[in-house]
2 protein chains.
Amino acid sequence: MSIEPKCLEDLIKEFASLPSIGQKTARRLAYHILTRTSGDVEHFAQTLNDAKQKVHACPSCHCFTDQEICPLCISRRGTKSLCVVEKSSDIVPFERAGIFKGLYFVLGGVISPLDGIGPEQIHLPQLVQRIKDESIEELVLALGSSPEADSTALMIDRMLSGENVRRTRLARGIPMGSDLEFVDEVTMLRAFESRVSL
Amino acid sequence: MSIEPKCLEDLIKEFASLPSIGQKTARRLAYHILTRTSGDVEHFAQTLNDAKQKVHACPSCHCFTDQEICPLCISRRGTKSLCVVEKSSDIVPFERAGIFKGLYFVLGGVISPLDGIGPEQIHLPQLVQRIKDESIEELVLALGSSPEADSTALMIDRMLSGENVRRTRLARGIPMGSDLEFVDEVTMLRAFESRVSL
C-alpha cells in the first residue's frame, strides 16, 4: 500500500523530471508545496503556463522573448558585431557583465554527429545567411568548451572563410579566484599555451 | 533593460522560492520548462493545483492524505503502537524500511520557544489525548536530533509520566556505510556512550 496520495506522487514525479532534481529533492519540494497557501500554489501553476504560452524564440536571433521580436534585436545596438551562443540562457552572463555591445545569435545547440545533430538541426544556415545579409564585421563565438563546441566553431570558421568577417572566440585560461591546486589539466594546458607577455 | 521576458523572470522567482533551489538552479529550471511541450507544462501546472486542492491533513494522525481519513489510520493496523514524527514526509523512510507495524502521529513541528512554537502550536495536546483515548502501549519518538527535538521528546515523556505507556526513541550512533574518519564529534560521542556488549 502506498502511503502517499496519488496526486502527491504525481507531483514528486513532475519535480523529479526537472534537470538536477533527484528523487529526494523532488519529494522535499512536493511536500513543501503542500505547506504553501492555495493562492501561492495557483500563482506558481499560472506562472508556469504563462511562461510557456507567452515565450517563444525571437525570429531574428532565436533567443527567448515574449515580444514579436526581442528587445535586443529591436534596439539594433552595435549591429556589426554578433555573438554566437549555444542556448538562450547563455546571453545572461554576457549582459550581466555588460561587456558586449553587439547583438546575439542563439545557435540552439552544437553539432554532434553521434546524437544526429548536423548543421541543419541547429540554426547554422540562418547564422551564415544573417552574417551575409547584415554585413557583420565581427563574430564572437561563445560556444562552451566541449569537443562538439570546438568542432562547431571550426565549421563556422570554415563556412565563413570567403567572407570579410573577423572571427574570434572567448579566451581560455584560469578563471578568476581559482586556486591553481584545483585547476584541471586541460585548463592548465590551455592557460599555459595561451600565456601572454607582461 | 532586462533581457529576459517578465513572465520568464516570474518563473525563475517561483522556482527560487522553493527550498534548496538557488538563483542559478532556478534559472536553469525555468529555461528548461520553456523547452518542454505546452502539454507537458500544462500537466505540471495541473498537478501542482491538484496536489494542493486534494491533499489535506488526516484528522486522526495529521499526515497528508487525499482521503477523508488516511489509509494507514483506516487500516487500524497495530493500534497499540504509535510512532511520533515531526512532519508527514518522515513517515516515508519508515514505511520504505517496512520495520514499524503500528500507526503514526505527525506532530507538525517541535517546540521552539525562540520561534514562538509552544505545545499548543504543534499537535501535542491531541497526541496526549489520543494516547489516553486509545490506550496506546508503546510510543516511539522519532523526532530528529536537534536540541529542540530532544526537549520536545523530554516534554512528551514528562506529560505521559502518569500513563502506563512505554516510551522509546530511535537509537543514535554511526550510520551504516559511513567512514569513521568523517563522522562528526557529537555522533561519535553518542555512539560511544551507547556502546553495546557483543
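Refer to the structure printed above.
First things first, this report covers the structure right here in the doc. (Residues numbered from 1 in each chain as written. Chains lettered and ligands numbered in written order. Predicted model: local features only at pLDDT ≥ 70, side-chain atom pairs only at ≥ 80, totals over all residues. Heavy atoms only, no water.)

### A few points about a nonpolar patch on the surface
All names here are of chain A.
No. 1: A surface patch of nonpolar side chains, amounting to about 250 Å² of accessible area, comprises Ile 174, Leu 180 and Met 188.
No. 2: Counting through the fold element by element, Leu 180 comes out in the loop between β6 (166–169) and α8 (185–193).
No. 3: For Leu 180, a relative accessible area of 52% puts it in the exposed group. (Patch = residues over 30% accessible without salt bridge, like charges linked within 9 Å, V, L, I, M, F, W, Y side chains within 5 Å. Areas by Shrake-Rupley, 256 points an atom, 1.4 Å probe, with all protein chains shown as cover. Salt bridge = Lys/Arg side-chain N within 4 Å of Asp/Glu carboxyl O. Helix = DSSP H or I, 4+ residues; strand = E, 2+ residues; numbered from the N terminus. Buried < 20%, exposed > 50% of the residue type's maximum accessible area, 1.4 Å probe, protein only.)

### Re the packing of aromatic side chains
By convention here, two paired aromatic rings are described through the distance between centres and the angle between planes.
No. 1: Summed over all chains, the structure comprises ten aromatic pairs over all chains.
No. 2: An aromatic cluster is present here, built from A:Phe94, A:Phe100 and A:Tyr104 joined pairwise through their rings.
No. 3: Lying over the aromatic face of B:Phe192, B:Arg195 brings its terminal NZ or CZ to 4.3 Å of the ring centre. (Phe/Tyr/Trp six-rings, centres within 6.5 Å; stacked < 30°, edge-to-face > 60°. Lys NZ or Arg CZ within 6 Å of the ring centre and 35° of its normal.)

### Quick word on the relation of the copies chain B and chain A
No. 1: Under the fitted operation, chain B is carried onto chain A by 0.0 Å of movement along the axis and a turn of 180°, and the coordinates agree to an RMSD of 0.1 Å. Look at the turn and shift together and you get a two-fold axis relating the two. No C-alpha of chain B lies nearer the rotation axis than that of B:Ala45, which sits 2.1 Å from it.
No. 2: Most of the interface of chain B is mirrored in chain A, where 100% of its interface residues are also at the interface. (Least-squares fit on C-alpha atoms with pLDDT ≥ 70 in both. Contact = heavy atoms within 4.5 Å.)

### A few points about the interface of chain B and chain A
Frequently, the measure chosen for interface size is the accessible area that the parts lose on association.
No. 1: Between chain B and chain A, the contact holds 52 residues from the first and 52 residues from the second.
No. 2: At the surface where chain B touches chain A, the tally comes to two salt bridges.
No. 3: Across the salt bridge formed by B:Glu14 and A:Arg36, the nearest N and O atoms sit 3.9 Å from each other.
No. 4: Listing elements by their share of the side of chain B that touches chain A, those giving two or more residues are α1 (6–16), α2 (23–35), α3 (38–54), β2 (64–65), α4 (71–75) and α5 (91–97) of chain B.
No. 5: With 14 residues, the single largest contributor to the side of chain B that touches chain A is α3(B).
No. 6: Taken together, the residues that form the side of chain B that touches chain A break down as 24 nonpolar, 14 polar and 14 charged. (Nonpolar A, V, L, I, M, F, W, Y, C, P; charged D, E, K, R; others polar.)

### Section: the environment of A:Val85
Residues and elements named next belong to chain A.
No. 1: Position of Val 85 among the secondary structure elements: in strand β3 (residues 81–85).
No. 2: Sequence spacing of Val 85 and Leu 143 is 58 residues, and the spatial spacing of their C-alpha atoms is 5.3 Å.
No. 3: Among residues more than four places away in sequence, those in contact with Val 85 are Asp 90, Ile 91, Phe 94, Phe 105, Val 106, Leu 107, Gly 108, Ala 142 and Leu 143.

### Some words on unusual backbone geometry
With the exception of glycine, most residues fall at negative phi, and the peptide bonds are largely trans.
No. 1: Even without a glycine there, the phi angle at A:His62 is positive, about 70°.
No. 2: For A:His62, the position within the fold is in the loop between β1 (56–57) and β2 (64–65).

### Quick notes on the layout of surface pockets
No. 1: Its volume calculated, the largest pocket comes out at about 510 Å³.
No. 2: Surrounding the largest pocket, 20 residues form its lining, A:Lys87, A:Ser88, A:Ser89, A:Asp90 and B:Tyr31 being those nearest its centre.
No. 3: When residues of the lining of the largest pocket are traced back to their parent elements, those giving at least two are α5 (91–97) of chain A together with α2 of chain B.
No. 4: In terms of residue count, α2(B) provides more of the lining of the largest pocket than any other element does, six residues in total.
No. 5: A breakdown of the residues in the lining of the largest pocket according to their chemical character gives six nonpolar, seven polar and seven charged. (1 Å grid on protein atoms, 1.4 Å probe; cavity = no way out; pocket = protein on both sides within 12 Å on 5 of 7 lines; lining within 4 Å. Points joined across faces, edges and corners; volume = space filled by probe spheres on them.)

### Focus: the pairing of strand β5 (residues 138–142) of chain B
Residues and elements named next belong to chain B.
No. 1: Where burial is concerned, most of β5 is hidden: four out of the five residues are buried.
No. 2: In the sheet, strand β3 (residues 81–85) pairs with β5 via five bridges, with the strands oriented parallel. Its bridge partner being in β5, Val 84 is matched across the sheet by Leu 141.
No. 3: Chirality of the crossover, the property in question, places the unit of β5, helix α7 (residues 147–159) and strand β6 (residues 166–169) among those that are right-handed. (Pairing = 2+ DSSP bridges. Right-handed = clockwise from strand over helix to strand, strands pointing away.)

### Some points on the pairing of β6(B)
Consecutive residues of a regular strand have side chains that alternate between opposite faces of the sheet.
No. 1: Relative to β6(B), β5(B) is paired through four bridges, and the arrangement is parallel. Within β6(B), the position partnered with B:Leu141 by the bridge is B:Arg169.

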